[in-house]
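Listed below, chain by chain, are the residues.
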Amino acid sequence: MAIRLAPWKPAVMKRKHFFKMGQTVFEVDRKYTPLKEFGKGAYGVVCSAHDIVANKDQAIKKITNVFESVTEGLRILREMLLLRHMNHENIIALKDIMLPDQKTNFKDAYLVY
């Protein structure tokens, strides 16, 4: 179950909202409403979310500390590039990449499937 949190940066309130699922805080665009946590993997946490604009359910993957290791960063970049161009019924497509509010403290990546 997603618990809505108050934003710690008032300027971000118009573009993003914050939800806590389990031990993870998700900072997502306002067009997405997180529903529940799916699971955890090697690269991050996945939750289900509802896209208000498209009226569809999506999966959002939060990858923490993207630039902590060069090797891990390259693997994540490769995943994003490959899934962005995949068009097959058995492979999940990457639909959106949420951009951070500030480029200076960009640590987490959010991928929407």
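Structure's up top.
Here is what the cut-offs are and how they apply
- Residues numbered from 1 in each chain as written.
- Predicted model: local features only at pLDDT ≥ 70, side-chain atom pairs only at ≥ 80, totals over all residues.
- Heavy atoms only, no water.
- Salt bridge = Lys/Arg side-chain N within 4 Å of Asp/Glu carboxyl O.
- Helix = DSSP H or I, 4+ residues; strand = E, 2+ residues; numbered from the N terminus.
- Buried < 20%, exposed > 50% of the residue type's maximum accessible area, 1.4 Å probe, protein only.
- Contact = heavy atoms within 4.5 Å.
- Pairing = 2+ DSSP bridges.
- Axes fitted to C-alpha atoms, helices over the stretch in contact; angles between N-to-C directions.
- Expected span 1.5 Å × (residues − 1).
- Arc of directions from axis to C-beta.
- Polar contact = N/O pair within 3.5 Å; in protein donor to acceptor, adjacent residues only side chain to side chain.

(A) Local environment of the pattern of salt bridges. All told, the structure shown has four salt bridges when counted by the stated rule. Lys 16 is the salt-bridge partner of Asp 29, the closest N and O atoms lying 2.9 Å from each other. With Asp 29 in strand S3 (residues 24-29) and Lys 16 in strand S2 (residues 16-21), this residue pair connects regions lying 13 residues apart in the sequence.

(B) Geometry of the environment of Ile 60. Here Ile 60 lies in strand S6 (residues 56-63). On the accessibility criterion, Ile 60 (0% relative accessible area) is buried. With sequence-adjacent residues up to four places away left out, Ile 60 is seen in contact with Phe 26, Val 28, Tyr 32, Val 45, Val 46, Cys 47, Ala 49, Met 98, Tyr 110, Leu 111 and Val 112.

(C) Looking closely at the sheet that holds strand S4 (residues 32-40). Taken together, five strands build an open sheet; the order of strands is S4-S5-S6-S8-S7 and the sheet is antiparallel. The open sheet has two edge strands, S4 and strand S7 (96-98), and neither has a second partner. When the angles between neighbouring strand axes are averaged without regard to direction, this sheet yields 25°. When S6 meets strand S8 (residues 109-112), the two strands line up antiparallel, connected through four bridges. Paired with Ile 63 across the strands is Ala 109, a residue of S8. Contacts from helix H1 (residues 70-85) reach S6, S7 and S8 within the one sheet, and its direction differs from that of S7 by about 145°.

(D) Up close: H1. Here H1 spans 23 Å end to end across 16 residues, near enough to the 22 Å set by a 1.5 Å rise per residue. Considered for burial, the residues of H1 that qualify are Gly 73, Ile 76, Glu 79, Met 80 and Leu 83. Down the axis, H1 shows its buried residues gathered within 120° of arc, on one side only. Away from the buried face of H1 by more than 90 degrees, exposed residues Val 70, Leu 81 and His 85 are located. If you follow the buried residues of H1, they end up packed against S6, S7 and S8. The distance from a side-chain oxygen at the start of H1 to the backbone nitrogen of Thr 71 is 3.4 Å, and the residue carrying that oxygen is Ser 69.

That is the geometry; function is a separate question.
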